[in-house]
Amino acid sequence: ILIFLINQKKVPHARPRLNAHSPVFDVNLPADVKFTSDGNEFRFNVRPHCFQFLENLSQFYDIYAFTASTKDYAEPIVAYLNKRKRTIQGVLHRKNCLETVNGFKIKDLRIIKNRSLEDIVLVDNLVHSFGLQLDNGIPVLEFINNKNDQ
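Quantities reported herein were computed from a predicted structural model and do not represent experimental measurements.

Read from one edge to the other, the open sheet built from five strands follows the order 6-5-1-9-10, with strand pairing classed as parallel. Single-partner strands in this sheet number two, and they are strand 6 (88-92) and strand 10 (137-139). Sheet twist, expressed as the mean angle between neighbouring strand axes with direction ignored, is 25°. For strand 1 (residues 2-5) and strand 9 (residues 121-124), the ladder comprises three bridges, and the chain directions are parallel. Paired with F4 across the two strands is V123, which belongs to strand 9. Relative to strand 1, helix 1 (residues 50-57) is tilted by about 160°, and along the sheet it contacts strand 1, strand 5 (63-66) and strand 6. Each of strand 1, strand 5 and strand 6 touches helix 2 (residues 71-81); the most contacted strand, strand 6, lies at about 170° to it.

Right under this line is the structure:
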């Protein structure tokens, strides 16, 4: 299983509005993708080559998205990423995380019951996200809408 992150300022990329009385995402920030789902406006950026990456790796891995954010945040983004071809099998979200006393969200891979930990990889830009299973983590750099990103 290959698990990748979805979160604010990550892959894919979304930024919440600064004003709590405004729609969910700031319409003034640049975004590649804009759509509405269940009355909420979503705006986010997709890392270059993301679709090709997902399509290529889905031939070898069951792919899941894992976010420390909410299910309502992640599911429309995954639906968008699955439009061309269903490459992402499911979504794990905030309720699937452990929370530390300091408020950090930890993505404990033991939640996946039908696979051995040795068969699971988590790609994330925050090392503490896979802190309980460091051998399963692949750290990546944060993505902030760099069209030349490799």
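Now, onward.
Proximity of charged atoms lets side chains of opposite charge pair with each other. What the rule picks out here adds up to five salt bridges. The closest approach of N and O atoms between D62 and R115, which form a salt bridge, is 2.5 Å. One end of the pair, D62, is in the loop between helix 1 and strand 5; the other, R115, is in the loop between strand 8 (105-106) and strand 9, and 53 residues separate them in sequence. Accessibility expressed as a relative area gives 32% for R115, which makes it partly exposed. Between K107 and D124 there is a salt bridge whose closest N-O contact spans 2.5 Å. Separated by 17 residues along the polypeptide, K107 in the loop between strand 8 and strand 9 and D124 in strand 9 bring together distant segments of the chain. Grouping residues by exposure puts K107 and D124 together as buried.

By secondary structure assignment, the location of E75 is in helix 2. Remark: the alpha-carbon pair of E75 and V91, spanning 16 residues in sequence, is separated by 6.9 Å.

Burial in helix 1 covers these residues: C50, F51 and L54. All buried residues of helix 1 lie within an arc of 100° about the axis, which places them on one face of the element.

Here we come to the nonpolar core. Ranked by size, the top nonpolar core spans 17 residues in total, and within it F4, I6, V46, L54, L81 and I88 carry the most contacts. Of all the elements, helix 2 adds the most residues to this core, at four residues. Residues in contact with I88, not counting those within four places in the same chain, are F4, L54, I63, Y64, A65, V78, L81 and N82.

Relative to the helices and strands, R110 resides in the loop between strand 8 and strand 9. On the basis of relative accessibility, which here comes to 47%, the residue R110 falls in the partly exposed class. R110 sits ten residues away from I120 along the chain, and the two C-alpha atoms are 9.7 Å apart. Contact partners of R110, with chain neighbours within four places excluded, come to L117, L132 and Q133.

Cut-offs applied
Residues numbered from 1 in each chain as written. Predicted model: local features only at pLDDT ≥ 70, side-chain atom pairs only at ≥ 80, totals over all residues. Heavy atoms only, no water. Pairing = 2+ DSSP bridges. Helix = DSSP H or I, 4+ residues; strand = E, 2+ residues; numbered from the N terminus. Axes fitted to C-alpha atoms, helices over the stretch in contact; angles between N-to-C directions. Contact = heavy atoms within 4.5 Å. Salt bridge = Lys/Arg side-chain N within 4 Å of Asp/Glu carboxyl O. Buried < 20%, exposed > 50% of the residue type's maximum accessible area, 1.4 Å probe, protein only. Arc of directions from axis to C-beta. Core = buried A, V, L, I, M, F, W, Y, C linked by side-chain atoms within 4.5 Å.

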